[in-house]
Amino acid sequence: MSLHFTFLGRTYGISPETRDHVLVTLWVIVTFRQFDNDELILYPLALYFFWAFIRDFREIFVLIARSYVLWLFPIWWFLSLSWGIETEEILKTGLQLVLTLMICYGAVLRLSPRQLLLSVFIAAGLAGLMSFLSDPTGSTAKGVFRSKNALGTAMVLLWVSSLCMVLDPGFSRKWRLAALVGIPLSLYLILLAHSATASLFAIGTFATILFLRFRSVLAPRATLCLLFLTVGLGLLGGIYAAMTMIEIDPVGQVLHAFGKDTTLTGRTVLWQYATEEIRQHPLLGVGHGGFWKPDDAFSVARRIYDEFFKHYNSNFSFHNSYYEVAVHQGLIGLALISIATLWILARVLPVAFFASDMPAIFFSCIALINTAISFTEVALMVPFQLLFMLFVIGALLTLKERPALQQRPAAMRHRTPPRPRTGISSLSCGAGLALLLSCAVVPSGAPAQTAEGFFDDFDTFDRDRWRISDGWANGSWQNCIWSSDRLWVEEGIATLSLVRLDPAPEDTSAQGTAPEPAQPTDSDAAEETSPPEQAPDAASDEQDEQVPGQVPGEDREEAAPETVYDFACGEFHTRTRYTHGTFEARLRTDVASGINAAFFTYIGPSQNEPHDEIDVEVLTRKTDRVSLNTYANGEPRHGTVVPVPNTTDAEYNDYAFVWEPERIRWYLNGELVHEATGELPTQPQRIYFSLWSTDKLTSWMGPLEYPDRPVEMFIDWVAYTPPGETCLFPDSITCHED
């Protein structure tokens, strides 16, 4: 539910999703670079995230149960209280580690991968911009950071996030323009930092992003590429062996070029000390804080501090996550943290490889970077360290939703070619800079949530944008159950289908969310302009907006069966709510009595909001017409039926409605066909596509006549254009409006 407050006589509103996005972004900004008195921001934020974790624990527990391996090391950490020396330090840092994981779970529950990517880009962009402005010539080689390595690592994050956003058509133009500026800025600062690690990361992540993004293009040549890569590595190995035989050390020369030596700036010396300490306390270690005690004049730590000219009050480490853990938590702790690390990599990398989704690719780069850094720095299970938190978040995001799209059966493939489609190139960007987060509050009377425009041509299915209804039904008038198997994406077409279940499933249940509607009148006009009230996706809404008795998220699969359905049908909707603007889609329907194919927007009591709705519905028994309708505060308004000359099943038709504060206009194939004024919807709504059947609403939709084959609805593309913007894609009606 949106929050509202009054300031200087004006009422403002902020949605929970926007609020959490702003707070997570603020957290990332503050943790990106430490500064004086930053605890004045971090502590209140940490308190809020802790409260949010408790508030949402029921939903978060599902994620915890599926990622329990992340908690094995923290549990072992607290067990070390029984043998560790610095018990107070163990307890304090352990609680911070637990809070760090809690923040990761909360961020994953409340935000999408694309929102988290945007938060990182904003924080890294601000740090990069400040570094450039403070030292444009690079005289200090560290910008606003305390060391060149810190600057280099931060700019690698800007580099990776910028590349991923530029290649992601799911972001708006202004963010992709900002990301386009971030690419040269980050590269310039990486070069100024003169950091070998950052330079290698920049090259490696660039290759990784391009390969994963365009893997499908490279697939036919994969064998040849692998052959050349193998031969190339073999040649490099042979050259290196030959050079060492004539006493030339190429590795040493490269390290020397970056100001390093063959001991990796003393790291190998530290690792020798760590090995000796592990031999003395192999299994349990000495507990956190038990080794680094330079105040003890006879300790090994004192000798190391003296050897490396460190002040006794400064912090130091073995510059290797695994040595650090083995010394303090023993080989058992090392095994547990290794299991957690391998589990994260096993969750993140396959998703990026098979999905070619830019947020997934971003988090795969984070996983690779953090894993590489873990061999030269302490980067695993570190409280409040941003890179480690993103490492964990990437894995948790893969658990947030089970895979919903199934490969389309061969027998059900598209039977007629779609009309040619135009879209936005993934590289169509210009110049500009928009690095600051948009204002989260808006005046009352304006939209309660500002949403970015988008054009989705379904070349891939964007799980960040869309959520699929699965395992429940709207109400008793619906004789089909929503199933994720009834949606697939192939050749740029999203297809919803309705099929007979034979035998009926035994593990599904009806989760009715709205009272059964009264039957419409028998007149043809009344039938098609006064549809019953629907409550789409009530059970799959945000977890804090569910109706009592519903089973949210994946828990629906565990609900006790109450109703056996004869059919399975399909529906999906946006995660974001949209308000005034232009909504467009290109659709083709099937033909069959008793079935409804709909493109509409909706919000209602299941989300603790008044029932508002804007409809474009095809009752597929009569494909020569389309029904247009609205609901305002639960009351049907402005219904009409519009003829479709080419019929909805013969070819694709373009449907659009322009929602303004004072009117709504519907368009069919670019022509204005209906206009509504007066009492209109006011609440931000989600965009839905659905295909469903009934055996009760026969006077409205006709008797159900299943044709003994899948009934299908095809969506070529969909777009939303905010007020003030035009022509997100060439076929948009906004390109031709006065």
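All figures in this text were calculated on a predicted structure; none of them were measured in a lab.

Engineer: Hey, could you go over unusual backbone geometry for me, with residue numbers and the actual values?
Structural biologist: For residues that are not glycine, phi is negative in most cases, and the peptide bond is trans in most cases. A positive phi angle, close to 55 degrees, is found at Glu491, a residue other than glycine. Positionally, Glu491 belongs in the loop between strand S7 (487-490) and strand S8 (493-500). Its relative accessible area of 65% is what places Glu491 among the exposed residues. A positive phi angle, near 50 degrees, is found at Asn669, a position not held by glycine. Take Asn669: it is sitting in the loop between strand S16 (663-668) and strand S17 (671-677).

Engineer: Just give me the short version of the pairing of strand S19 (residues 711-721), but keep the residues and values in it.
Structural biologist: Among the 11 residues in S19, 11 count as buried, and that is most of the element. As paired strands, strand S4 (residues 454-456) and S19 are joined by 3 bridges and run antiparallel to one another. The residue bridging Phe454 from the neighbouring strand is Tyr720, located in S19. Relative to S19, S8 runs antiparallel, the two sharing 5 bridges.

Engineer: I'd like to hear about the confidence of the model for the chain, residue by residue, with values.
Structural biologist: Per-chain confidence: the chain averages 79 in pLDDT, with 75% of residues scoring 70 or above. The low-confidence segment residues 402-449 (pLDDT under 50) makes 130 contacts with residues lying over four places distant or belonging to another chain. Counting interchain partners and residues more than four positions distant, the pLDDT-below-50 stretch residues 504-561 has 168 contacts.

Engineer: Let's hear about helix H8 (residues 173-193): which residues, and what values?
Structural biologist: The end-to-end C-alpha distance of H8, which contains 21 residues, comes to 30 Å, matching closely the 30 Å that a straight helix rising 1.5 Å per residue would cover. Every buried residue of H8 is listed here: Trp175, Arg176, Ala178, Ala179, Gly182, Ile183, Leu185, Ser186, Leu189, Ile190 and Ala193. If you follow the buried residues of H8, they end up packed against helix H6 (113-134), helix H7 (148-166) and helix H9 (196-213). One or two positions beyond H8, positive phi appears at His194, with a value near 55 degrees.

Procedures and definitions
Residues numbered from 1 in each chain as written. Predicted model: local features only at pLDDT ≥ 70, side-chain atom pairs only at ≥ 80, totals over all residues. Heavy atoms only, no water. Helix = DSSP H or I, 4+ residues; strand = E, 2+ residues; numbered from the N terminus. Buried < 20%, exposed > 50% of the residue type's maximum accessible area, 1.4 Å probe, protein only. Pairing = 2+ DSSP bridges. pLDDT = per-residue confidence, 0-100. Contact = heavy atoms within 4.5 Å. Expected span 1.5 Å × (residues − 1).

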